[in-house]
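Below, each chain spelled out in residue letters.
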Number of protein chains: 2
Amino acid sequence: MTEMSKYAIGVDYGTLSGRALLVDCETGEELASSVFNYPHAVMDEELPSGKKLGHDWALQDPGDYLEVLSRTIPDVLEKSHVSPDDIIGIGTDFTACTLIPVKADGTPLCFLDEYKDEPHAYVKLWKHHAAQDKANLLNDIAGKRSEPWLANYGGKISSEWAIPKIWQILDEAPAVYEAADRFVEAADWIIWQLTGTETRNSCTAGYKEMWNKKSGYPTKDFFASLDPRLKNVVDDKLSCDILPLGSKAGEVTAKAAALTGLKAGTAVAVGNVDAHVCVPAVGIDGPGKMLAIMGTSTCHMLMGEKEVQVPGMCGVTEDGILPGYLGYEAGQSCVGDHFAWFIDNCVPASYYGQAEAAGVSIFAYLRKKAEAQRPGESGLLALDWWNGNRSVLVDVDLTGMMLGMTLQTKPEEMYRALIEATAYGTRMIIENYREHGVPVEEFYASGGISQKDPMTMQIYADVLGMPIKIAGSLQGPALGSAIFGAVAAGKEKGGFESIFEGARLLGSVKDTVYNPIPENAAVYDKLFAEYRILHDYFGRGMNDVMKRLKEIKKEM
Amino acid sequence: MTEMSKYAIGVDYGTLSGRALLVDCETGEELASSVFNYPHAVMDEELPSGKKLGHDWALQDPGDYLEVLSRTIPDVLEKSHVSPDDIIGIGTDFTACTLIPVKADGTPLCFLDEYKDEPHAYVKLWKHHAAQDKANLLNDIAGKRSEPWLANYGGKISSEWAIPKIWQILDEAPAVYEAADRFVEAADWIIWQLTGTETRNSCTAGYKEMWNKKSGYPTKDFFASLDPRLKNVVDDKLSCDILPLGSKAGEVTAKAAALTGLKAGTAVAVGNVDAHVCVPAVGIDGPGKMLAIMGTSTCHMLMGEKEVQVPGMCGVTEDGILPGYLGYEAGQSCVGDHFAWFIDNCVPASYYGQAEAAGVSIFAYLRKKAEAQRPGESGLLALDWWNGNRSVLVDVDLTGMMLGMTLQTKPEEMYRALIEATAYGTRMIIENYREHGVPVEEFYASGGISQKDPMTMQIYADVLGMPIKIAGSLQGPALGSAIFGAVAAGKEKGGFESIFEGARLLGSVKDTVYNPIPENAAVYDKLFAEYRILHDYFGRGMNDVMKRLKEIKKEM
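Residues numbered from 1 in each chain as written. Chains lettered and ligands numbered in written order. Predicted model: local features only at pLDDT ≥ 70, side-chain atom pairs only at ≥ 80, totals over all residues. Heavy atoms only, no water.

Residue and element names in this part refer to chain A. Spatially, the seven strands line up as an open sheet ordered E15-E16-E14-E13-E19-E20-E21, and their pairing is mixed. Since the sheet does not close on itself, it has two edges, and those belong to strand E15 (315-318) and strand E21 (509-514), each with one partner. Direction aside, neighbouring strands of the sheet carry axes that sit 25° apart on average. Packing against the sheet, helix H14 (residues 411-435) makes contact with strand E13 (289-294), strand E14 (298-304), strand E16 (326-332) and strand E19 (442-446), and its axis sits at approximately 155° to E16. Along the sheet, helix H16 (residues 454-464) contacts E13, E19, strand E20 (468-471) and E21; its crossing angle with E20, the most-contacted strand, is approximately 145°. (Pairing = 2+ DSSP bridges. Helix = DSSP H or I, 4+ residues; strand = E, 2+ residues; numbered from the N terminus. Axes fitted to C-alpha atoms, helices over the stretch in contact; angles between N-to-C directions. Contact = heavy atoms within 4.5 Å.)

To continue, consider empty space enclosed by the protein. Counted under the stated rule, the structure contains nine cavities of 30 Å³ or more. Of the pockets and cavities examined, the largest cavity occupies roughly 160 Å³. Lining the largest cavity are 15 residues, with A:Met402, A:Met405, A:Met414, B:Met402 and B:Met414 positioned closest to its centre. Taken together, the elements giving at least two residues each to the lining of the largest cavity come down to helix H11 (336-346), strand E18 (400-405) and H14 of chain A together with helix H11 (336-346) and strand E18 (400-405) of chain B. Grouping the constituent residues of the lining of the largest cavity by class yields 15 nonpolar, no polar and no charged. (1 Å grid on protein atoms, 1.4 Å probe; cavity = no way out; pocket = protein on both sides within 12 Å on 5 of 7 lines; lining within 4 Å. Points joined across faces, edges and corners; volume = space filled by probe spheres on them. Nonpolar A, V, L, I, M, F, W, Y, C, P; charged D, E, K, R; others polar.)

Time to look at the relation of the copies chain B and chain A. Superposition of the two copies of the chain requires a rotation about an axis and a shift along the axis. Superposing chain B onto chain A takes a rotation of 179° combined with a translation of 0.2 Å along the rotation axis, leaving an RMSD of 0.2 Å. In short, the pair behaves as if placed about a two-fold rotation axis. When the interface residues of chain B are mapped onto chain A, 100% of them again fall at the interface, so both copies present the same face. (Least-squares fit on C-alpha atoms with pLDDT ≥ 70 in both.)

What follows covers the nonpolar core. Among the nonpolar cores identified, the biggest contains 156 residues, and A:Tyr433, A:Phe538, B:Tyr433 and B:Phe538 are the most heavily contacted of them. One finds A:Ile87, A:Trp192, A:Ala256 and A:Phe496 within the second-largest nonpolar core, a separate group that totals 80 residues. (Core = buried A, V, L, I, M, F, W, Y, C linked by side-chain atoms within 4.5 Å. Buried < 20%, exposed > 50% of the residue type's maximum accessible area, 1.4 Å probe, protein only.)

Attention now moves to the pattern of salt bridges. Summed over the entire model, instances satisfying the criterion amount to 70 salt bridges over all chains. Between A:Arg427 and A:Glu431 there is a salt bridge; the shortest N-O distance is 2.9 Å. One end of the pair is A:Arg427 and the other is A:Glu431, both in helix H14 and four residues apart, which spans about a single turn. The salt bridge involving B:Lys52 is made with B:Glu46; its shortest N-O contact spans 2.8 Å. The class for B:Lys52 is exposed, based on a relative accessible area of 60%. Judged by its relative accessible area of 34%, B:Glu46 is partly exposed. Within this structure, A:Arg427, A:Glu431, A:Glu435, A:Asp525 and A:Arg532 form a network of salt bridges that share partners. (Salt bridge = Lys/Arg side-chain N within 4 Å of Asp/Glu carboxyl O.)

So, about the packing of aromatic side chains. Ring pairs (aromatic) are described by centroid distance and by the angle formed between their planes. Evaluation of the coordinates by the stated rule reveals 42 aromatic pairs over all chains. With a centroid separation of 6.2 Å and an interplanar angle of 70°, the aromatic rings of B:Phe339 and B:Tyr415 are classed as edge-to-face. Taken together, the residues span a long stretch of sequence, with B:Phe339 in helix H11 and B:Tyr415 in helix H14 (residues 411-435) at a distance of 76 residues. Of the two residues examined, B:Phe339 and B:Tyr415, each falls in the buried class. These aromatic residues form a ring-pair network of at least three members: A:Tyr13, A:Tyr38, A:Tyr65, A:Phe94 and A:Trp189. Over the ring of A:Tyr177 we find A:Lys237; its NZ or CZ atom is 4.6 Å from the centre of that ring. Sitting above the plane of the B:Trp167 ring, B:Lys134 keeps its charged end 5.4 Å from the centroid. (Phe/Tyr/Trp six-rings, centres within 6.5 Å; stacked < 30°, edge-to-face > 60°. Lys NZ or Arg CZ within 6 Å of the ring centre and 35° of its normal.)

All names here are of chain B. In this fold, Arg182 is placed in strand E8 (residues 182-185). Since its relative accessible area comes to 16%, Arg182 is described here as buried. A distance of 3.1 Å separates the side chain of Arg182 from the side chain of Glu198, its partner in a polar contact. For Arg182, the side chain forms a polar contact with the main-chain oxygen of Leu238, separated by 2.4 Å. The contact partners of Arg182, leaving out residues within four places of it in the chain, are Ile100, Pro101, Val102, Lys103, Trp192, Glu198, Arg200, Asp235, Asp236, Lys237, Leu238 and Ser239. (Polar contact = N/O pair within 3.5 Å; in protein donor to acceptor, adjacent residues only side chain to side chain.)

As structure tokens, then:
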């Protein structure tokens, strides 16, 4: 370490805003943070020109990302009174797959006048779902061809990922496809803006672009089988030069220095993804430690030492989370969303009245009632599939189920049953890993629910039968990015030798640990056994009633 | 017919009140009715003396039944301006099994000073459930002994029926058992009060006292196996002299004439049960025509030409509905109760606000939203077991289930799914009959839901694929009783030759018939096939999760 304190900045690009965080590399102190909401937010109905978008579209304007840099970085510098001379590195993380068609110099097509009114020239945000038919066709073709990489993604490519999105552009706007010299993840594009050089990171390449460190991309033959015009999509529009996470992408250019107030030459880490970057922020530095980022949905990050094709996982990517390890990703597509749905649709008027009389929010009132219940006391059991099943079964057509209701069943019992169901869903993911030889020995949680909902966290500890450690920082992604920024700077400049060192020194968890209560865990073992039977019955083809009901629904 | 109009009176004894109806035997015109609420209502906490009752008790005071006679009959005579000379007959119907311990002259033990403070001396109302342990033991013993009559009751005797109730008295108050010369159904006791003679009717004897026209009661050996002191219960306390429905029990005595204002000598029909007596009131005069009495729960009445032991039915009794036919009874223990539970527990505050703004009740508001949906549109499917399953599966430990929920699911969709589930439950009962050789060719409905809820009735028509005829009278039981009264009087006195003639002449349905809409019925055929799979999976032992959850619940 140098004599003077050194600092790093992390910038976290979310769905609606970007946030910068300035961190002391020695103490981990978070000196200042700054948020900027994207002026164009998510464009899902029309372009600024008024041009209408189709169903399931979700676009962004990359100019908003640059404005995050020009606004939040000067702001944290000012607030913290830290000199740009002492900022040794910057790291960033982004939503993914969030894809931009650009010219060879990195200029987004939508910045050019001729494409201002062309929807396909804009950023396709991760939740742009209008390429679902392309994803279906891709999965169908890949399945028939027995493509070996398919199993790395749990057997299914999502419509959110790069190739379906690129294929949609080719199909619906071939001129845009032609005009785009590159298709680049926003995660990498923002690094390009800072360093002046195109780089690609192993995380988005592996999870979203179907790249594999050992075998590369799918073959030209495969891409040609989708559409002959896609045959050379990798050579022409992507990149085979993929950097592992924890690498230095380059240094802040003079132009970027003018934009941000950073010093030219400041180290810049390769791009990263918002969920993955949280892992070092809680101090995870090796395999067997799962991080669950719990919010409206949940992402599960886990590292392993060997590549296993675990059925039903979102993806496995070498160097995908931390360099040198296989990064496994899984997810539950509906967690907090379940609880919000229940509050909106199933809580009787009388409860609102009682909550008001007690001077508490309806959430607090319902949670208090749910907290008073003991495991198994309600006789209820639910399957947490209100928004399909993302991992283990990987089936968007599955739907919710609840059983055990009687005339005495109360709303708070159903509410708790939904919470428990999401915990069983997490346990299914963990057991699925273990059964396929990927150890899960510790459990960490970050995200809103982990910070705000002790009852839910205790239920998770009891259901999983594992202690749960909670992220120490409220700004996990930005902290993770700052750590990567300090790694890019390197030890000599006052940063870290490796991301592992950074994780150990700056990653943190709270003092409060949720430990399983043995008598609760024993009951939940029994209930989970019941969940599992129903999970397999409804989810593995023994009774496809949920899908048949969806078919009937579609017909109506 | 005589020159002058002749009239009959029906008296319907419900759970909380008695109602008399005066009917023109030629035109069917309902000239007057009168209701009297029982002063003691249901005693489920204490006796009038203040003596506390145990859990699940439900008693009544038989003095209230006499007061119904002395108040309502004079009232309908006065309102209608009909002379007692022109009242040719009276019929009554009662809840069952509602059981009274009496002396040899018919005096209830609770009328005697020495028993005023003895709970077991009072009427045990149908919903007195404190003999459940006796019923369990009885079923256990009967099952082990392979008693042949058990199958006539779908394999299970209810705790509501006579023998468990009598056994409870013997066990808990042997002196009351000793002092009681007879145990008599309230249905028969009220006739005894009118005619001065003890008679017993085939309906309660068959459905509630385990009597069979061909084989009589269970053997002394069986009763002794329950408790040696019960060996001669039939000879000592019941009666083997059972009259078929449609018989004349006797004539109004001078004492009863003084009580009621009727003329001594007026014909009196044998006792009857509230649900069964509705059958002729809708004009049903033979086999294959099911009547569903739809309220908080539903009773299904059906006649057949041969005795079939249909698995899962509540009972089959010769002459149990109309003389000469096998009367089949089935039921759904939770129908309107489902909808009330949903309204109480699952309708969000916002809907109450919108209903108020629209100036309609929450029921009407929810129904309007549910009506706008097409079959299958919600993707939801439920099992209607919030209060167990009474028929086909006969299992109180089954619980409710719903599946197909998504984040877009609305309360009105779940509400409609519950209504549909009860319709599927009815269809299961019908198909179960058909599969065992008991035809169901027509469908009639009476009771509150049939009168007030056209949406539900249309759903039933669509699900059953049968037209549904609706009871013409709002006072079905009292009308049915009046018809039986006119049958007891006989043709010469201006009444009817038989109950069949009475049913044809005075029974009525509304002009409105709910006809199945073919495109809805086609969708419901598909949905019912799914219901049936789940019904069997959860209900027939393939996955006893509901019972295991109840076990866990009990342990907590």
